[in-house]
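# Per-entry structural report
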Amino acid sequence: ASVPVCRVEEIPLLGARVVRTARHGDVALFRDGDGTVFALHDKCPHKGGPLSQGIVHGKTVTCPLHSWNISLHNGEAQAPDVGCTRSFSVKVEAGEVFLQVS
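Below, the structure is looked at part by part. (Residues numbered from 1 in each chain as written. Predicted model: local features only at pLDDT ≥ 70, side-chain atom pairs only at ≥ 80, totals over all residues. Heavy atoms only, no water.)

## Notes on the pattern of salt bridges
To be explicit about the condition: In the sections that follow, a salt bridge refers to a side-chain nitrogen of Lys or Arg positioned within 4 Å of a carboxyl oxygen of Asp or Glu.
Following the criterion strictly, the structure yields seven salt bridges and no others. Here lysine 91 ties to glutamate 93 by a salt bridge, and the two come within 3.5 Å at their closest N and O atoms. Three or more residues joined by partner-sharing salt bridges are found here, namely Arg7, Glu9 and Glu96.

So this is what it looks like as structure tokens:
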């Protein structure tokens, strides 16, 4: 199921907003420089750092704890680091962000 979680303008460009889900815990919504919205579990695969507090650049976010770079597309750590955090499907319709939570 897809549920509305916020308005797109509530996610800062090159920033993040956290939404709490009953089933998946905290999900970080990111907006890149082009305004594209991505969603990842708000835990770095390395030591569980809060990705929502990281720096967004290009199509990646840098974890604030140990500077791992995580793909916004699929949650994969970028080489030389190895690991993955869960990514979620999102869509934007009429300015509303919908998160796939099933």
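Structure's up, so let's keep going.
## Some details on the side chain of threonine 85
For clarity, the threshold we go by: Helix and strand definitions follow DSSP, with helices as H or I runs of at least four residues and strands as E runs of at least two, each counted in order from the N terminus. The contact rule is simple, with two residues in contact once any of their heavy atoms fall within 4.5 Å.
Note that threonine 85 resides in the loop between strand 7 (69–71) and strand 8 (87–88). Not counting residues within four places of it along the chain, the set of residues in contact with threonine 85 comprises Leu40, His41, Lys43, Pro45, Leu51, Ile70, Asn74 and Gly75.

## Considering the sheet that holds strand 10 (residues 96–100)
Threshold: Two strands are counted as paired when DSSP detects at least two bridges linking them. Angles run from 0 to 180 degrees between N-to-C directions of axes, and those axes are lines fitted to C-alpha atoms, restricted for helices to the stretch in contact.
Pairing in this open sheet of three strands is antiparallel, and the strands run 1-10-9 from one edge to the other. Both outer strands of the open sheet, strand 1 (2–7) and strand 9 (90–93), are each paired with one neighbouring strand and no more. The sheet shows a mean angle of 30° between the axes of neighbouring strands, taken without regard to direction. Bridging between strand 1 and strand 10 involves five bridges; their strand directions are antiparallel. Each residue of the ladder has a partner; that of proline 4, found in strand 10, is phenylalanine 98.

## Quick notes on the nonpolar core
The condition is simple: Each nonpolar core is a collection of buried residues, namely Ala, Val, Leu, Ile, Met, Phe, Trp, Tyr and Cys, held together in the definition by side-chain atoms within 4.5 Å. Burial classification: accessible surface area is computed with a 1.4 Å probe over protein chains only, and a residue below 20% of its type maximum counts as buried, one above 50% as exposed, and the rest as partly exposed.
Residues Phe30, Leu40, Leu51, Val61, Ile70 and Leu72 are the most contacted members of the largest nonpolar core, which totals 13 residues. Those elements giving two or more residues to this core turn out to be strand 3 (25–31) and strand 4 (37–41).

## Examining the side chain of serine 52
Along the chain, serine 52 turns up in the loop between strand 4 and strand 5 (55–57). Serine 52 sits in the buried class, given a relative accessible area of 17%. With sequence-adjacent residues up to four places away left out, serine 52 is seen in contact with Ala16, Val18, Ala28, Phe30 and Asp42.

## Quick notes on the environment of asparagine 74
To be explicit about the condition: By the criterion applied in these results, polar contacts are pairs of N or O atoms within 3.5 Å in which, for protein atoms, one can donate a hydrogen and the other can accept it, and in which residues neighboring in sequence qualify only through two side-chain atoms.
Mapped onto the elements, asparagine 74 comes out in the loop between strand 7 and strand 8. The partly exposed category is assigned to asparagine 74, whose relative accessible area is 37%. Residues asparagine 74 and alanine 39 lie 35 residues apart in sequence; the distance between their C-alpha atoms is 9.0 Å. Beyond its immediate sequence surroundings of up to four residues, asparagine 74 is in contact with Leu40, Cys84, Thr85 and Ser87. Separated by 3.1 Å, the side chains of asparagine 74 and serine 71 make a polar contact.

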